[in-house]
Amino acid sequence: MQEFSALDGALLVDKPAGPTSHDVVDVIRRHFGIKKVGHCGTLDPNATGLLIIVLGRGTKLSEKLMGDDKVYEGTMKFGEATDSYDADGELVASLPVPPLTLDQLNEAALPFVGDLMQTPPMVSAVKKAGVPLYKLARQGKVVEREPRFVHVYRYTIDRIALPEIDFSVLCSKGFYVRTYAHDIGQLLGCGAHLKSLRRTQSGRFDVGNAITVDQIRELPPEEIAQRILSLPQVSRMRSACGKDRQWKFYGRFQSSSD
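Just so we're clear, the structure is a prediction, and the values are computed from it rather than from any experiment.

**Student:** Residue-level account of the overall build of the chain, with values.
**Tutor:** Scanning the chain for helices and strands turns up eight helices and 15 strands. Out of the 258 residues in the chain, the part that is buried amounts to 45%. Within the chain, contacts between residues at least 6 apart in sequence are counted, and of these 72% link residues at least 24 apart. Split by element, the accessible area of the chain, about 13100 Å² in all, is 51% carbon and sulfur.

So, in structure tokens, the structure goes:
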């Protein structure tokens, strides 16, 4: 029987706004004194929520875990478009916001459900000729980007307080929620950007079971090690996820007909 180290597996972290995903990896590297640490899906610095950290031999699962579908909760602000499509960017347009109704918002979101081709924002880690787009954006360059195939399973509008709305979306790997907000704003004619974003689920992994970065800094490594999901545990959770591709475990997204 193959033996695994206690540090071979995955740690669920609730990333705060501010640090990069790589900053969180560095905190864990220093805390445990190990080099083989990675993450499964970048969160922008000001985004919060679930960041799956893989350690030791768990790093071999990185690509598989990154491929899982995700649930995000966010706030979209209408009337202001930015160059990065989020609140960190420079304002490029400011327009009046009409008195949008729930029906109008649903109509605008409907074209972005199902299979679609989505163009990544310039401020992103996607590479063009080997260079990350965000580096080109810092040089003031705008280059052509290849649209990528993504899928949106479902969305909900959770709060309307114009010029802002809160929403949730269940989507595939590679989906840019910033672009989603920007495109809906363009469709409505008033512009929009993503004000805030939180990832709550990835596959069967839930932010409710995550540890905070402050806890990682404060608690002894032995105590944090008890929160690491072993490789067999991770494998079982992914297998269960694969058997339930209708996403019925995402309760808030179940329609009454499910």
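**Student:** Which residues make up the packing of aromatic side chains, and what values do they have?
**Tutor:** Summed over all chains, the structure comprises three aromatic pairs. For the pair Phe 112 and Tyr 180, a centre-to-centre distance of 6.2 Å together with 85° between the ring planes defines the contact as edge-to-face. Highlighted residues: Phe 112 in the loop between helix 3 (102-109) and strand 7 (114-118) and Tyr 180 in helix 5 (residues 177-188), separated in sequence by 68 residues. Here Phe 112 matches Tyr 180 in class, with each residue buried. Aromatic ring contacts, followed pair by pair, group Phe 112, Phe 167, Phe 175 and Tyr 180 into a single cluster.

**Student:** Describe the pattern of salt bridges, with residues and values.
**Tutor:** Within the structure shown, the criterion is met by nine salt bridges. Of the charged contacts in the structure, one is a salt bridge between Asp 8 and Arg 57, with a shortest N-O distance of 3.1 Å. Of this pair, Asp 8 sits in the segment before strand 1 (9-15) while Arg 57 sits in the loop between strand 3 (48-55) and helix 2 (62-66); the two residues are 49 residues apart in sequence, bridging distant segments of the chain. By relative accessible area, which is 27% here, Arg 57 ends up partly exposed. Residues Asp 26 and Arg 29 are paired through a salt bridge, measuring 3.2 Å at the closest nitrogen-oxygen approach. On the criterion of helical spacing, the pair formed by Asp 26 and Arg 29 is a turn pair, its members being three residues apart in helix 1 (residues 21-32). Counted as one network, the salt bridges with shared partners bring together Arg 159, Glu 164, Asp 166 and Lys 195.

**Student:** Let's hear about unusual backbone geometry: which residues, and what values?
**Tutor:** Residue Leu 162 is joined to Pro 163 through a cis peptide bond whose omega torsion reads 15°. The topology assignment puts Pro 163 in the loop between strand 10 (148-161) and strand 11 (164-171). Notably, Tyr 85 is not glycine yet its phi reads approximately 70°, a positive angle.

**Student:** Run through helix 5, naming residues and quoting values.
**Tutor:** Look at helix 5: 17 Å from first C-alpha to last across 12 residues, which is about the 16 Å you get at 1.5 Å a residue. Among the residues of helix 5, Val 177, Arg 178, Thr 179, Tyr 180, Ala 181, His 182, Ile 184 and Gly 185 are the ones counted as buried. Of the surrounding elements, those touching the buried residues of helix 5 are strand 4 (70-78), helix 3, strand 7, strand 10, strand 11 and strand 12 (192-202). In the stretch just after helix 5, Gly 189 is the one whose phi turns positive, near 85°.

**Student:** So what about helix 1? Which residues, and what values?
**Tutor:** If you check helix 1, its first and last C-alpha atoms are 17 Å apart, about what 12 residues at 1.5 Å a residue would give, namely 16 Å. The set of residues buried in helix 1 consists of Ser 21, Val 24, Val 25, Val 27, Ile 28 and Phe 32. In a view along the axis of helix 1, the buried residues occupy a sector of 155°, so they form one face of it. Contacts from the buried residues of helix 1 go to strand 1, strand 2 (37-39), strand 3, helix 6 (213-218) and helix 7 (221-225). One or two residues past the end of helix 1 sits Gly 33, with phi positive at roughly 70°.

About the thresholds
Residues numbered from 1 in each chain as written. Predicted model: local features only at pLDDT ≥ 70, side-chain atom pairs only at ≥ 80, totals over all residues. Heavy atoms only, no water. Helix = DSSP H or I, 4+ residues; strand = E, 2+ residues; numbered from the N terminus. Buried < 20%, exposed > 50% of the residue type's maximum accessible area, 1.4 Å probe, protein only. Contact = heavy atoms within 4.5 Å. Areas by Shrake-Rupley, 256 points an atom, 1.4 Å probe, with all protein chains shown as cover. Phe/Tyr/Trp six-rings, centres within 6.5 Å; stacked < 30°, edge-to-face > 60°. Salt bridge = Lys/Arg side-chain N within 4 Å of Asp/Glu carboxyl O. Expected span 1.5 Å × (residues − 1). Arc of directions from axis to C-beta.

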